[in-house]
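# Commentary on secondary and tertiary structure
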Amino acid sequence: MLQVLAAVVALVLVVLTLAYVFQRSLIYLPSTDPVPRADTVLPGARDVRLETADGLELGAWYVPATGRDLGVTVLLAHGNAGDRALRAPLAAALAARGMSVLLFDYRGYGGNPGDPTEDGLALDVRAARSYLVDELGVPQERLVYFGESLGCAVVTELAAEHPPGGLMLRSPFTELADVAGEHYPFLPVRLLLKDRYPLAERIRDVRVPTVVVYGSADSVVPAEQSRTVARVAGGPVTSIEQPGADHNDAELFDDPRLVDAAARLSVEVAG
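For clarity, every value in this text was computed on a predicted model and none was experimentally measured.

Another aspect to go through is the environment of Arg 37. Locating Arg 37 in the fold gives a position in the loop between strand 1 (29-30) and helix 2 (38-41). Accessibility expressed as a relative area gives 52% for Arg 37, which makes it exposed. Note: C-alpha distance between Arg 37 and Ala 60 (23 residues apart in sequence) is 9.8 Å. In this view, Arg 37 contacts Asp 47 and Trp 61; residues no more than four positions away in its chain are not counted.

Next comes the structure, spelled out in structure tokens:
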């Protein structure tokens, strides 16, 4: 009996060790291939380079507004998978409605150097903001931060330090441990997680107009978590539920309802 117990304990320790060591490979799912030139995907777009505070150079695309220019720029932080090329249709749709867009890839994504971590992504999004504000001269109050899933936590953390004119969150979670607990209920995720992303805690102090978009059938981030984020946000909130939409459905990428919400927020920001 003691031998069986010892074997079970040893197996549990192995599982916990593997979960701790390899957790970031489950959280971050980058496309590591270099992305194509911006103008081959989005006519009029240009490639730019971002310099992070810890010395990395990241690739990004700047997409000027193609419709009647609202004078607002969207800083778009994507989710945990793929790269900026997958968000080209969204950038094109936003540009057509008068918004300029900066699409950037985190460290370790889209051929960029480095390995993604919570602290690292915080530096990456600051490099993106710095490019817009310091190099292009975009006024801080004319920025809209747009986050997708994991990117919601990235831009919310930035917004707490550098408030934008508006904040748009697509499929936000309350904190990473809450999502992990949904998918790995057999693991003590709060003890194991290295990266926390406490979005709901941080957004209480963000007092800018905020739009929260989510799918009612999201199998990755439960809809109730997105509703909670909307409920606790410090600024005025518009909530948009896409009925029947799952996490990676088209209704949550470049759907007209989502683009309309971004355009209305940008008009409000433009004053």
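On we go.
So, on to the sheet that holds strand 6 (residues 99-104). Read from one edge to the other, the open sheet built from eight strands follows the order 2-3-6-4-7-8-9-10, with strand pairing classed as mixed. Looking along the sheet, the strands with just one partner apiece sit at the ends: strand 2 (46-51) and strand 10 (237-242). The sheet shows a mean angle of 20 degrees between the axes of neighbouring strands, direction not considered. The strands touched by helix 5 (residues 150-161) are strand 4 (72-77), strand 7 (143-148) and strand 8 (166-170); relative to strand 7, the strand with the most contacts, the crossing angle is about 145 degrees. Sitting on the sheet, helix 10 (residues 256-270) touches strand 4, strand 6, strand 7, strand 8, strand 9 (210-215) and strand 10, and the angle it makes with strand 8 is about 165 degrees.

The rules behind these values
Residues numbered from 1 in each chain as written. Predicted model: local features only at pLDDT ≥ 70, side-chain atom pairs only at ≥ 80, totals over all residues. Heavy atoms only, no water. Helix = DSSP H or I, 4+ residues; strand = E, 2+ residues; numbered from the N terminus. Buried < 20%, exposed > 50% of the residue type's maximum accessible area, 1.4 Å probe, protein only. Contact = heavy atoms within 4.5 Å. Pairing = 2+ DSSP bridges. Axes fitted to C-alpha atoms, helices over the stretch in contact; angles between N-to-C directions.

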